[in-house]
Each structure stands twice: as structure tokens, then as C-alpha cells.
Amino acid sequence: MISDKYKHFLEWIIYQIYPRSFYDTNGDGVGDLNGITQKIEHLKELGVNAVWLSPCYKSPNVDNGYDVSDYRDIMDEFGTLEDWKNMRNALHDRGIKLIMDFVPNHTSNQHEWFIKSKKKIPPYTDYYYWADEPLNDWQACFGGSAWEYSEERGQYYLHSYAVEQPDLNFDNPNVREEMKSIIDFWIDLGVDGFRIDVIDQISKDFDGNKNRFGPHLHEYIRELFGREKTKNIFTVGECWATDIDEVIRHCAENRNELSCLFQFDHIEHGKTDRFTPAPFTLKAIAADISKWQTLTVQNGLLYTLFMDNHDQPRFLSRFGNDKDLRYESATMFAGMFYLGRGIPFIYQGQEFGMTNSRHEEYSHFRDVENKHFYHSQSGKLQKSDVLDRLNFGSRDNARRPVAWNCEKYGGFSSVEPWIPTYSRYQEINLEKDKNSEKSIFEFYKKLLAFRKNSPMILYGAYKEITGENNDCYIYEREYQGEKIIVVCNFEKENQISCPYTQGELLLTNYNRANNLNGNYAPYELAVFKI
Ligand code: TEU
Ligand code: CA
């Protein structure tokens, strides 16, 4: 069911780097591209073969790089285009592909195009959406109206995110030409793929009052990525498609659009909105994974296997036990996701069990998405409640500097970082984990090596076989007549009746003999060959 081209992508294991928080080499408290170059051995040891780099283009960093002011140059804090080329060469020399984060929906308000558009200087006049009055009541993702008045131009402009992130008008063919030329610029520099930011918003439906999935969406995606120049490029779209038909329209190979897209259903649990917790069950999360594994395999599509990214509080803290069963839950989750059929995505720090980071002062938070929430709660919630909500849901949980060791600032920098350090870095850091009896990093290494060397895992069929068992998720992989079973027990001791567990035990996160009696410990993972 899957073509050679897609079989090739199934062999990718992608590590997401948020450069600002990865590693600082020049002592300014901000991660940089040379920091990535210096840590490539870590990526090699882990066993990943591709890197997704969050935006590193010139930016005023209102939204930490997702507000681009020059798509063809590197952000001052991260280094130079030469540093970027050194990093690219170092990655490629070690057999690691490079995926850039492409942000087509909006630019920074400091971009030359917007500065000229405000002055109605052709051809930039209509590079953005301008109107004499707001065209609708759309709200910006980071709070407030999505329409901002510009005194200079005497009109309103649309911004789906921060005020400083005006939306580009993709209905303007000049904008689409600019985007194609930017894509080609980076392909010519050797980029192997793109993660595309909010791809579903590049076509809006003003008549239908929808700010995404507009009438020209697939036409525009094909215009950008369905060209001779892009035919071998990997593309993964950030897209809030909720039904398989929409996913097929984006990713079926004959559509000439995207290689795959992120499906978010499984991480939308446990909250009513970004800052408000809600009950969840691992069973319901596993059901979403099972649904999308089944649908993507049935339709010959690539599924993105991911728990974390730069926008989400840590999955381990939200849905696991990040205190006394941190190793067990982190490693069970790794098996639950990365032995499935699709492309694994691992977010920096996940590979050694970094957790959310508790902070008691609002000044310890940085993300633009916190501001509106924080100020909207004044007079409503107690300060301590507001901080609880920020600690629960803020994207800063994923953006605390990577804790490499027990040194000050977690070995991330020699000076105070741009954002207060990860609060548990003395207890949880890579060096300490690698030297511990129960090393999450060592388990990830073993798991990824197992995956890479198993055509069954890479290409095999997938079927959920949990059956009547409670509080666990069991799936089988089948390839050329052979089968393996992956048993993922959830948070409690559990008696699991799974007829196959008399097979050969291939992998487990508990060091004990073959689980013959079906009695599973909390967060126990067991992989059997039938
Ligand atoms: O995120 C867009 C998006 O999906 C939003 O839901 C975002 O996750 C936000 O946190 C909602 O609560 C992309 C990028 O991943 C994000 O970092 C950027 O802030 C955003 O687009 C604007 O570029
Ligand atoms: Ca730096």
C-alpha cells in the first residue's frame, strides 16, 4: 500500500530542536546554531536521522522566531548563514537530514513587506489583508481581536496570532511567488524538508467566516510543494484536520501536496483550553492513536508519531507520573508511540525525561501566549491560581533550556539564560540520566535501534488488539508472516489476558523475566515476538 517514496520516509526518525533553548556556545544566554553543531554526537548516539529546526530566520522574537522579518537570513542571536551552513554540513556528514520550519501564513510586522505595505508601496500594498473596518469578529489565537488598526495606513490588518504577526494575503499571486522563491532558496542550500506552520490557514474563507481550510487551500499547497523542484522534499504540515478525508486531500501521494501532517487529537486531552485542566484517561488517548494509526495505514498515508513539541507542556507531566514513576511512564510512552507505523518525532529533552518546570513568579514566564491569559484573569483568579494555570498549560514548559548536566543553568549556558532555567535540572539532566540505573536515554537508544533494524516495525501492518482488557493498550505489528505484540500497561498494577505473551520477550522497560502470568506493573511495556 505504501510506495517506495513513502517507504523511504518511514525510515526517518525526526528530532525537533527549539534552537533558543537547545545549547548556548557564545555565553549570551540564548541557544544558537553552533550549539546544535556541537551537540550532533548526542543526536547520533540517540539514533535519530533527521532534525526539524524550529525557525532560525531573522526575527524580533515576539513569538520566538515564528514572526519572520527576513526569510533568507539567520536570526542575530542564533548566528550567521555561515554558522547555518556549518551546522548543515555537520548534520549531513553524520547522515542526519535537515528539516526547516517554514512559516508562510504570516510575517513579522518588522518585515520589509509589511513596512512597505503600510505605506501602500507597490507591489506590497496588498501583500496582507487590509480593510477599512474589521471584516468579521475573528479572534487572534493569542487573544483579542484578529484585526488591528494601523494609523500609518488608516486601515485594519488581519493577524491570526500576535499583533506583530500580520497574515500574508495568499490570494495575491505575488505572495505565492515570494513563498516559492523562499522554498527554492533553502532547497538550493541543501535542506531536505520542511515543517510547515499552520498550513491550513494560508487560504481563508471570508464569505464562509472560516480562518482556515479556505477554498484555495489545496491549490496553494500544490502550487508551493507540488512542483518538480519539491518532488523529493519531505513536508509535514501543522494542520488541524480532524477527518480522514481532509488528511487524504492533504497527503495522498497522488495529491502532490504534503508528505504527511500532524494530527493532534491525542494531545488535546486533559484540558478545556490551554490553561485549564480537565480529566483525561490514557485509554481515550490510546483510542485516538489507534484511530489515526488505523486510518492512515488503511489509506497508505504516513502517520506522525509524536508526544511533544515546542507548543505543548510536557506529555510526561500531563499524562504520566513525572515523580516516582518517571522512568516507567516515560519509557512506556516511548514504546506506545514509537513502535507504531509512521514517522517518530522526538522533542528536545524528551529523550531523557525532562518534565514541566514549576515557577512561582509571572516574571519567570516568557511566552507571548501567556500575556493575554495573565492579564485577562486579574481581578478574577487569585495570583496563586493564575500561576497554577500558567504552570499547567504554558508553552514555556517545553522551552526551558535543555538540562545537559548538573552545572549551573543545567550546562545550557555560562550565563543566566533568556528564560529561567528548568526548575528540576539538578534532579533531571542528561548526564545524570545516562549514569542512572534506570536511564530513559539508554531505553530510547535501545528502542530506536530496535525500530531501525526491524522491517516489521518500519513497514508492517498495525492492528489494535486490546480487546476486553482495561487500562492498557495492546497492538500488533505484522510483516511477511511474522508478528510482534506491544503491551502498554497504564498507571496501575494490571492483570492482562493477552494470549500471545508466551512469545519471546524482545523489549521491556522492567528488568524481569518473561511476563508469563500476565500480571503487569504500573506503566510496564512489554514487546513479544510471536
Ligand atoms: O502554532 C499554531 C497553533 O497550532 C496554535 O494552536 C499554537 O499551538 C498555540 O499554542 C495555540 O494555543 C504554530 C506554531 O507551532 C506556534 O509556535 C506559533 O506560535 C504559531 O503557529 C504562530 O506561528
Ligand atoms: Ca548563544
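Remember, predicted model here, so these are calculated numbers, not experimental data.

**Re the coordination of the calcium ion (ligand 2)**
Move 1: Each protein donor to the calcium ion (ligand 2) is listed here as Asp24 (OD), Asn26 (OD1), Asp28 (OD), Val30 (O) and Asp32 (OD); together their distances run 2.2 to 2.3 Å.
Move 2: In the primary structure, the donors to the calcium ion (ligand 2) are separated according to the pattern D-x1-N-x1-D-x1-V-x1-D.
Move 3: The exposure class of Asp24 is buried, given its relative accessible area of 5%.

**Quick word on the sheet that holds strand 14 (residues 304-306)**
Move 1: The sheet built from eight strands is open, its strands ordered 11-10-9-5-2-1-15-14 with parallel pairing. Each edge of the open sheet is held by one strand with a lone partner, namely strand 11 (260-262) and strand 14. If you compare each strand with its neighbour and ignore which way they point, the axes differ by 25 degrees on average.
Move 2: Of the strands in this sheet, strand 2 (50-53) and strand 5 (97-102) touch helix 4 (residues 81-93), which is tilted by about 135 degrees from strand 5.

**Remarks on the site of ligand 1**
Move 1: Around ligand 1, the surrounding shell holds 18 residues, and the nearest of these are Asp63, Asp197, Asp311, Glu369 and Arg395.
Move 2: Here an oxygen atom of ligand 1 and a side-chain polar atom of Arg195 are 3.0 Å apart.
Move 3: At 2.9 Å from an oxygen atom of ligand 1 is found a side-chain nitrogen or oxygen belonging to Arg274.
Move 4: Contact with the protein chains covers 92% of the free accessible surface of ligand 1, which is 490 Å².

**Section: unusual backbone geometry**
Move 1: Between Pro122 and Pro123 the backbone carries a cis peptide bond, its omega angle lying at -5 degrees.
Move 2: Structurally, Pro123 is set in the loop between helix 5 (112-118) and strand 6 (130-131).
Move 3: At Val198, a position not held by glycine, the phi torsion is positive, near 35 degrees.
Move 4: Topologically, Val198 is positioned in the loop between strand 9 (193-196) and helix 7 (217-225).
Move 5: In this structure, Asn256 is a non-glycine residue whose phi angle is positive, near 55 degrees.
Move 6: As for its position among the elements, Asn256 is in the loop between helix 8 (244-251) and strand 11.

**Re helix 4**
One full turn of an α-helix is made of 3.6 residues, so residues set three or four places apart face in the same direction.
Move 1: Here helix 4 contains 13 residues, and its C-alpha end-to-end distance of 18 Å stays within 8% of the 18 Å for a straight helix at 1.5 Å per residue.
Move 2: Looking only at helix 4, the buried set comprises Asp83, Trp84, Met87, Arg88, Ala90 and Leu91. Looking straight down helix 4, one finds that the buried residues subtend no more than 165 degrees of arc, so they occupy a single side.
Move 3: On its buried face, helix 4 is in contact with helix 2 (33-38), helix 3 (40-46), strand 2, strand 4 (70-74), strand 5 and helix 6 (173-188).
Move 4: After helix 4 finishes, the residue Gly95 shows a positive phi value of roughly 75 degrees.

**Looking at the packing of aromatic side chains**
Move 1: Inspection of the entire model under this criterion finds 45 aromatic pairs.
Move 2: Aromatic rings pair up to connect Tyr57, Tyr71, Trp84, Trp113, Tyr124, Tyr127, Phe185 and Trp186 into one cluster.
Move 3: When the ring centre of Tyr23 is taken as reference, the NZ or CZ atom of Lys39 above it lies at 4.4 Å.

**Focus on the state of the cysteines**
Move 1: Applying the stated criterion across every chain, the model contains zero disulfides.
Move 2: With no disulfide of its own, Cys260 lies 6.4 Å from the sulfur of Cys251, the closest cysteine sulfur.
Move 3: Looking at Cys260, the relative accessible area reads 0%, which means it is buried.
Move 4: For Cys488, which is in no disulfide, the shortest distance to another cysteine sulfur is to Cys472 and amounts to 8.5 Å.
Move 5: Look at Cys488 and you get buried, because its relative accessible area is 0%.

**Thoughts on the pairing of strand 15 (residues 343-347)**
Move 1: Buried residues dominate strand 15, accounting for five of its five residues.
Move 2: Across the two faces of strand 15 the burial is the same, with Ile343, Phe345 and Tyr347 and Pro344 and Ile346 all buried.
Move 3: Of the pairings in the sheet, the one linking strand 14 to strand 15 comprises three bridges and is parallel in character. Looking at the pairing, Leu305 lines up with Pro344 of strand 15.

**Description of the environment of Asn64**
Move 1: Mapped onto the elements of the fold, Asn64 is located in the loop between strand 3 (57-58) and strand 4.
Move 2: In the structure, Asn64 is positioned 274 residues away from Tyr338 in sequence and 29 Å away in space, judged by C-alpha atoms.
Move 3: There is a polar contact of 3.0 Å between the side chain of Asn64 and the side chain of Tyr18.

**Looking at the domain arrangement of the chain**
Move 1: Segmenting the chain into domains produces domain 1 (9-103 + 264-444), domain 2 (112-158) and domain 3 (457-529).
Move 2: The C-alpha-based centres of domain 1 and domain 2 are spaced at 32 Å.
Move 3: Counting residues at the interface gives seven residues for domain 1 and six residues for domain 2.
Move 4: Both sides of the domain 1 and domain 2 interface together cover about 440 Å² of buried area, and 67% of this is carbon and sulfur.
Move 5: Along the contact surface separating domain 1 from domain 2 lie zero salt bridges.
Move 6: The tally of links from domain 1 across to domain 2 stands at zero residue pairs in polar contact (both at pLDDT 80 or more).

**Details of the pattern of salt bridges**
Move 1: For the coordinates displayed, the defined rule picks out 43 salt bridges.
Move 2: Measuring nitrogen to oxygen at the nearest pair gives 2.6 Å for the salt bridge that ties Lys116 to Glu112. Residue Lys116 and its partner Glu112 are located together in helix 5, separated by four residues, close to a single helical turn.
Move 3: The exposure class assigned to Lys116 is partly exposed, which follows from its relative accessible area of 27%.
Move 4: Take Glu112: its relative accessible area is 39%, and that puts it in the partly exposed class.
Move 5: Linking Glu482 and Lys529 is a salt bridge whose minimum nitrogen-to-oxygen distance equals 3.4 Å. Residue Glu482 is found in strand 18 (residues 482-489), and its partner Lys529 is found in strand 22 (residues 525-529); the two are separated by 47 residues along the sequence.
Move 6: The class of Lys529 is partly exposed, set by a relative accessible area of 29%.

Definitions and cut-offs
- Residues numbered from 1 in each chain as written.
- Chains lettered and ligands numbered in written order.
- Predicted model: local features only at pLDDT ≥ 70, side-chain atom pairs only at ≥ 80, totals over all residues.
- Heavy atoms only, no water.
- Donors = N, O, S within 2.8 Å, 3.2 Å for Na, K, Ca; no water.
- Buried < 20%, exposed > 50% of the residue type's maximum accessible area, 1.4 Å probe, protein only.
- Pairing = 2+ DSSP bridges.
- Helix = DSSP H or I, 4+ residues; strand = E, 2+ residues; numbered from the N terminus.
- Axes fitted to C-alpha atoms, helices over the stretch in contact; angles between N-to-C directions.
- Contact = heavy atoms within 4.5 Å.
- Near = heavy atom within 4 Å.
- Polar contact = N/O pair within 3.5 Å; in protein donor to acceptor, adjacent residues only side chain to side chain.
- Areas by Shrake-Rupley, 256 points an atom, 1.4 Å probe, with all protein chains shown as cover.
- Expected span 1.5 Å × (residues − 1).
- Arc of directions from axis to C-beta.
- Phe/Tyr/Trp six-rings, centres within 6.5 Å; stacked < 30°, edge-to-face > 60°.
- Lys NZ or Arg CZ within 6 Å of the ring centre and 35° of its normal.
- Disulfide = S-S within 2.5 Å.
- Domains from an automatic or database assignment.
- Buried area = accessible area lost by both parts, 1.4 Å probe.
- Salt bridge = Lys/Arg side-chain N within 4 Å of Asp/Glu carboxyl O.

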